Amino acid sequence: MMSPLLVALAVAAAPANPDVPKPDVVVIPPASIDNSLEISGDPLAAEQQRSRLFVAVRINDTGPYRFLVDSGADRSVIAQSLADRLPMPAGPIVKLQGMAGTARVRTVVLDRLTIGSSTIAGITAPVLMARDLGAEGLIGIDALADQRLLLDFDKKTITVQDSRIALPTVDGEIVVTARRRKGQLILTQASVASTRISAVIDTGSEVTLGNMALMRRYLGRRSIETLKTTQLISVTGQSLTAHVATLSDVRIGGITLNNVTIAFADAPPFALFGIDKEPSMFLGSDLLKSFRRVALDFRHRKVRFVLRR
């Protein structure tokens with residue numbers, strides 16, 4: 001049994017009461033590799049805990065507060081301890097889909113969420129326990145849909161920029177176009193040992209997670225009993241048992257990463273995004289930190305990888 005690892009939220013929140021209108025779902029199509037993607041702006045100092053990056057945000061002109069940037073979550077989330085301290089109106093009770101199952105939780109309405117120079121208005125945020133989040137909140141797709149995001153793992157900074165600002169052309173970097181599903185960026189220019197896969201960019205997860213379809217395709221007749229297992233803990237506090245294996249090569253665009261250790265489980269978000277029947281994985285920060293920088297453009301569905309020198 002390996003040590004417990006935190007798996008960040010892939011959120012699908014809808015009112016638990018069927019009489020309450022469902023919130024609009026932020027839909028962002030697959031992403032693609034685009035070598036011209038460049039992000040400028042004022043870098044924000046980010047705290048790095050293991051492989052994940054945290055950033056300071058302001059809520060309704062108060063703060064700063066320590067939030068985790070989570071490109072795998074379609075809703076921003078706030079810690080209960082922070083929600084109880086701030087005067088915010090209550091939202092509806094919602095059903096939250098996490099990596100390990102569903103949970104009914106309360107929500108609060110954030111008038112303004114400010115990240116650097118970008119301010120997002122009117123966010124209804126589910127409330128979860130800080131000990132499960134590992135932060136005072138998560139920044140999800142609802143706050144990032146019109147933003148570009150640059151994660152610099154070397155400098156430990158995060159740059160946020162409005163994606164409607166024109167970008168200069170830059171050569172020599174690997175850019176992938178992705179499709180979008182419920183807001184997440186899903187790369188189709190990815191493969192494992194020559195098997196094409198769908199890969200969700202999930203900056204909020206410490207662990208890269210593959211589904212069982214990928215495990216069966218890659219491992220073939222190898223006995224599942226020979227693999228180690230680990231308990232993955234979702235931000236909802238629920239646990240998920242996963243098998244662990246090392247993949248000889250994972251290819252993203254034109255980049256090949258060798259000897260990549262990932263966990264395997266049929267976590268609910270695979271079905272939620274419609275990729276449970278095909279070999280798929282969530283690319284966690286343990287894999288993303290292999291790059292010097294990762295840039296995400298949610299509006300234009302572009303992902304840019306900068307290799308380490």
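Further up the page is the structure itself.
Here's a quick rundown of the structure. Since the structure is predicted, the reported quantities are computational estimates derived from the model, not experimental observations. (Residues numbered from 1 in each chain as written. Predicted model: local features only at pLDDT ≥ 70, side-chain atom pairs only at ≥ 80, totals over all residues. Heavy atoms only, no water.)

The next point concerns the pairing of strand β21 (residues 255-264). Relative to β21, strand β18 (residues 209-210) is paired through two bridges, and the arrangement is parallel. Across the sheet, the residue bridging to L209 is A263, located in β21. Turn length for the strand β20 (residues 239-252)-β21 hairpin, with the two strands adjacent in sequence and antiparallel, is two residues, and the turn residue G253 shows positive phi of about 60°. (Pairing = 2+ DSSP bridges. Helix = DSSP H or I, 4+ residues; strand = E, 2+ residues; numbered from the N terminus.)

Here we take up the pattern of salt bridges. Pairing of side chains with opposite charge becomes possible as their charged atoms draw close. Counting across every chain of the model gives five salt bridges. Two residues, D276 and K277, come together in a salt bridge whose shortest N-O distance is 3.7 Å. We classify D276 as partly exposed; its relative accessible area is 25%. (Salt bridge = Lys/Arg side-chain N within 4 Å of Asp/Glu carboxyl O. Buried < 20%, exposed > 50% of the residue type's maximum accessible area, 1.4 Å probe, protein only.)

A separate point is the side chain of N211. With respect to the secondary-structure elements, N211 resides in the loop between β18 and α4 (212-219). Contacts of N211, omitting those with residues within four sequence positions, involve F264, A265, D266, F270, I275, D276, E278, P279 and S280. (Contact = heavy atoms within 4.5 Å.)

Attention now goes to unusual backbone geometry. Look at the link from G63 to P64: it is a cis peptide, with omega at 15°. Considering the arrangement of structural elements, one finds P64 in strand β6 (residues 62-69). Although it is not a glycine, S194 sits at a positive phi angle of roughly 75°. Tracing the chain through its elements places S194 in the loop between β16 (184-192) and β17 (195-201). Classification of S194 by relative accessible area gives exposed; the value is 70%. Phi at N259 is positive, roughly 55°, even though this residue is not glycine. For N259, the position within the fold is in strand β21.

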